[in-house]
Each structure stands twice: as structure tokens, then as C-alpha cells.
Amino acid sequence: MNQVQNIVILGSTGSVGCQALEVVEHHPDRFRLVGLASGKGGERLRQQVQKYQPLRVAVSDPDALEDLKSSPECSGCELIEGGLDSIDRMVSDDRVDRVVQAIAGGPGLRSTVAALKAGKIVALANKESLVLGGEWLMALASASGGRILPVDSEHSAVFQVLEGLPIEEVRRIILTASGGPFLDLPLARFPEVTAEEALAHPTWNMGPKITIDSATMLNKAIEVIEARWLFGVPLEKIEVVVHPQSIVHSMVEMVDGSIFAQMGNPDMRVPVQWALSYPHRWVSPATYFDFSSNHRLEFFPPDLSRFPALALGYRVAREGGSSGAAFISASELAVEKFLAGEISFEQIALLVEGALDRHETIFDPNLQQILEVDRQVRQEMTSCSF
Ligand SMILES: NC(=O)c1ccc[n+]([C@@H]2O[C@H](COP(=O)([O-])OP(=O)(O)OC[C@H]3O[C@@H](n4cnc5c(N)ncnc54)[C@H](OP(=O)(O)O)[C@@H]3O)[C@@H](O)[C@H]2O)c1
């Protein structure tokens, strides 16, 4: 594919966003950067604007707008805007072909909706969008001619493997999980786990929310729901297996017992690039896997007594409706509280479970109702003392 693609990168200052820009830098002739967007912006965004010269730039935090407008780095931009509306307008720009959606958390939903409504291809890192409104987003994409291409390494792996395989002959989708930093930690040590320990992921370098979610395996719970919607398979066909080396990114087992895996070094630039190059393969900035090193690949089932948050993903997927919104909002608040030292590591899953117990599921919710559930759960959890 030699055609230049017009792209927008949302969440450009974050871990995935920065890696998406490395992919762009690796292929200067293949991309034109229509826009960059982030939350608070700041120094990193200004440097990105100076280096990559996007046509448009937007920050959701209106307070960050003045700083951006007055900075010399942004003087060449066609448009500098603030507020979530401005990000919606950026992704809907007629010139845009693909949108990298790498905003962290629930706030990403709006711009995912805006991009799909405008019929864009969305390279989706923001898995929360699918937990909040998966069924609805998939229907929106097929109605508008838009498309979601997964960026999450596990889902990218399944997506790649499924190319050319009949979905009705799939027996299981097997999502791999590294198990995070506490895979072998004695259970008696869990009450004392610190934020610093939980933020030290053994194989991936990611933003703080997803890193803590990897330590609790709440991330894998989110990914089970994400897989449910992306691949349209029943929940019973989605399994999680612990694979500490993060070399096999996920697998698909067919009814005849054959298992297909996608593997390689753990490097998010590969799935990000695949969502931008699809259906073509390009040389990537990642290093190739070295078979001359002594590799050992292990697989074993997750221990739910160690990782109770994982079971919550199956519960939410079974309950459906607005429970996904309650799940995401509660998990964001719980992780914020843990990072602020207000609750212990083990309380993260307990708090999320409590929010789900209290939540009265609305079936087939619309966007307004999803946003209202988010507001209510946040308000309720903020006003509680733990
Ligand atoms: N990191 C990974 O390897 C990885 C892998 C798979 C999936 N994901 C998913 O990708 C998403 C991003 O993860 P990350 O690790 O890159 O997060 P991150 O490093 O924390 O970065 C988050 C990005 O989102 C922006 N942002 C936050 N709130 C925003 C808002 N209200 N409006 C607009 N932008 C906002 C931030 O902007 P400011 O910094 O300017 O505030 C920043 O650019 C998450 O959904 C995560 O689950 C990440």
C-alpha cells in the first residue's frame, strides 16, 4: 500500500500514543498527520507538535488550551482547540482515514463514537470503549462503514490469526496474560503491596492505570469483554491462560484441536503498526525474535484466589447492559484511590465488586445512560470512605 494515509493520534502523549508516533516516524512517506490530541497536553505535546507538525491539535482540558495557543511550537498549526468536542471534530475531519484511539479510560468513549459515526477506521487501544458500549459500537461501525481494528496486543494477535479461519469452526480464543509482577508473590504479602511495586511490570512498559490493572488482572477481565465484542464469540469460548514471558500474544484453537498462535517480542509498536498498515505488512521498528537465546515458554491457568478481579470480567460480560460502565468507572476510581494510598492493593477488586453489587443494570443503554452510570458510580465511590 503506497497511498499516503491521513491519520489522527488521540492520547499522543501516553505510552501507546508515543509508540504510534514512532511508527509514523519509521514510515515518513506513508502517513500525513492530520491531528494530535491529548488531555492536559504540556511539554510533551508541544514537543510532538514541533517535531511532527500536525495540521490540528486539541486538548480535552480547557485550561491547557491557552498554554498551547501561546506556544511558538504550535504556530504552524491550522487549528488549536480545547474540550472533548474539539477531539470529536478532529476525528470527524473529512481528510482523516484512520484514527489511533489511545486515550486512557472511559473518557475515550466519546471520540471512539465520533470516529465510527464518521465512518473512520479506528485503531483501538482504548479497550474501555468496548466494555462501556461494545454491542452498540460494533453495530454503529457496521452501520456507518467504519471499522474497529484492535491495538491491544492480545486482540491484535487473535485478529491476525483469525484472518482466513472460519469463526464458526473456532473452539476457543485463548488470551494470554503475563500475570504481572505478583504472579509468585506469597499471598500473605498482598496486603502490603505498594504502588511502586505494582507499577513495576515485568514485560510491558505502559501507562499507570493499565499497569495496575495488569497486576490485579483486572486488565485481563476487561480484555475478555473486549474479545467478546470484537470477535462476536460466546463468552464460554474465551479463556485466559497465564504466559509470563509475553511472547505468545494470544491463540485460537479450532474444533479439530489445532492451535494457532501469534508471537514475537513484546513491543506495542507491532500491533499499533498492524492496525495502521492492515491489510499489508511493513517492516516495523521492533526487533526480531532471537531463537539463539534460550527461551522458555510457559502456560498455566490463572489462580482466581490470587486474581479475583479476573472473575469480575466474566460476571460483567454475562450481566451485559450498563454493568460494563459501572465496571470501568469503579475500576478507574479504585485504581486512583490505590495510587493515592487511600486503599490497599487487595481492596481494588473488592471495591469494584461492591460497585457492581450495588449497580442496577440498565439493558440496552444509550450513550447518555452510559455517561450517567459513569457519573453516578464516580460520585458514589468518591463520597464513600474506605
Ligand atoms: N500502554 C500499553 O502498552 C497499552 C496496551 C494495550 C492497550 N492500552 C490501552 O491504551 C489506552 C492508553 O493507554 P496508555 O498506557 O498509553 O495510557 P497513558 O500512558 O496513561 O496515556 C494516556 C493518554 O490519554 C490522554 N488522556 C487522558 N485523559 C484524557 C481525556 N479526558 N481526554 C483526552 N485525552 C486524555 C493522556 O493525555 P495527557 O497526558 O496530555 O493528559 C495521554 O495522552 C488505555 O485504554 C489502555 O488500556 C495500552
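Keep in mind it's a predicted model, so treat the numbers as computed, not measured.

Rules of the game
- Residues numbered from 1 in each chain as written.
- Predicted model: local features only at pLDDT ≥ 70, side-chain atom pairs only at ≥ 80, totals over all residues.
- Domains from an automatic or database assignment.
- Contact = placed C-beta atoms within 7 Å.
- Helix = DSSP H or I, 4+ residues; strand = E, 2+ residues; numbered from the N terminus.
- Nonpolar A, V, L, I, M, F, W, Y, C, P; charged D, E, K, R; others polar.
- Axes fitted to C-alpha atoms, helices over the stretch in contact; angles between N-to-C directions.
- Parallel < 35°, antiparallel > 145°, perpendicular 65-115°, else oblique.
- Left-handed = near helix turned anticlockwise from the far one by under 90°.
- Near = placed C-beta within 6 Å.
- Pairing = 2+ DSSP bridges.
- Buried ≥ 20, exposed ≤ 12 C-beta atoms within 10 Å, placed from the backbone.

Caption draft 1: Quick peek at the domain arrangement of the chain. Its domain assignment divides the chain into domain 1 (5-150) and domain 2 (155-319). Centre-to-centre separation of domain 1 and domain 2, based on C-alpha positions: 25 Å. In this complex, domain 1 contributes 25 residues to the contact, which on the side of domain 2 involves 23 residues. Looking at the side of domain 1 that touches domain 2, the elements that each hand over two or more residues are strand E1 (5-10), helix H1 (15-26), strand E5 (98-101), helix H6 (128-144) and strand E7 (147-150). Classifying every residue of the side of domain 1 that touches domain 2 by side-chain character gives 13 nonpolar, eight polar and four charged.

Caption draft 2: Representation of the packing of helix H7 (residues 153-162) against helix H11 (residues 269-277) in the model. Across the interface, H7 lies against H11 with an axial gap of 9 Å and an inter-helix angle of 50°. Between H7 and H11, the crossing angle belongs to the class labelled oblique. Along this stretch, H7 crosses H11, giving a crossing that reads as left-handed. Residues Ser153, Ser156 and Gln160 of H7 form the contact with H11, whose own contacting residues are Pro271, Trp274 and Ala275. Its residues assigned to classes, the contact of H7 with H11 comprises three nonpolar, three polar and no charged.

Caption draft 3: Focus on the site of the ligand. If you check the shell around the ligand, you find 28 residues, and the closest are Gly14, Ser38, Gly39, Met206 and Gly207. Within the residue set of the shell around the ligand, elements represented by two or more residues are H1 and helix H9 (208-216). Its residues assigned to classes, the shell around the ligand shows 12 nonpolar, 12 polar and four charged. Structurally, the shell around the ligand is a two-domain feature, drawing no fewer than three residues from each of domain 1 (5-150) and domain 2 (155-319).

Caption draft 4: Region of the structure containing the sheet that holds strand E2 (residues 31-38). Strand order in the open sheet formed by seven strands is E4-E3-E2-E1-E5-E6-E7, and the pairing between neighbours is parallel. The sheet is open, and its two edges are formed by strand E4 (79-82) and E7, each paired on a single side. Neighbour-to-neighbour, the strand axes of this sheet turn through a mean angle of 20°, independent of strand direction. Of the strand pairs in this sheet, E5 and strand E6 (residues 121-124) are connected by four bridges, and their pairing is parallel. Within the sheet, the bridge partner assigned to Val99 lies in E6 and is Val122.

Caption draft 5: Quick peek at the environment of Glu81. Along the polypeptide, Glu81 turns up in strand E4. Placed 171 residues apart in sequence, Glu81 and Val252 show a C-alpha to C-alpha distance of 43 Å. Ignoring anything within four residues of it in the chain, the contact list for Glu81 reads Ala58 and Ser86.

Caption draft 6: Up close: the packing of helix H13 (residues 323-339) against helix H15 (residues 367-383). Here H13 crosses H15 at 35°, and the two axes come no closer than 9 Å. By crossing handedness, the relation of H13 to H15 is classed as right-handed. In this structure, H13 contributes Ala325, Ala326, Ser329, Ala330 and Leu333 to the contact, and H15 contributes Ile370, Val373, Asp374, Val377, Arg378, Met381 and Thr382. By residue class, the composition of the contact of H13 with H15 is eight nonpolar, two polar and two charged.

Caption draft 7: Just H9, in detail. When you tally the buried positions in H9, you get seven out of nine residues, the bulk of the element. Looking at H9, one finds that the buried residues are Ile210, Thr211, Ile212, Asp213, Ser214, Ala215 and Thr216. Of the surrounding elements, those touching the buried residues of H9 are helix H8 (195-198), helix H10 (218-231), helix H12 (308-319), H13 and helix H14 (345-358). At the C-terminal side of H9, Met217 shows a positive phi close to 70°.

Caption draft 8: Highlighting the pairing of E4. Strand direction decides the pairing type here: strand E3 (residues 56-59) and E4, joined by four bridges, are parallel. If you follow Arg56 over to E4, its bridge partner there is Leu79.

Caption draft 9: Layout of the sheet that holds strand E10 (residues 248-254). Spatial ordering of the open sheet is given by E9-E8-E10-E11, a layout of four strands whose pairing is mixed. Lying at the two open borders of the sheet, with one neighbouring strand each, are strand E9 (238-242) and strand E11 (259-263). Direction aside, neighbouring strands of the sheet carry axes that sit 25° apart on average. Pairing between strand E8 (residues 170-177) and E9: five bridges, direction parallel. Looking across to E9, one finds that Thr176 is bridged to Val241.

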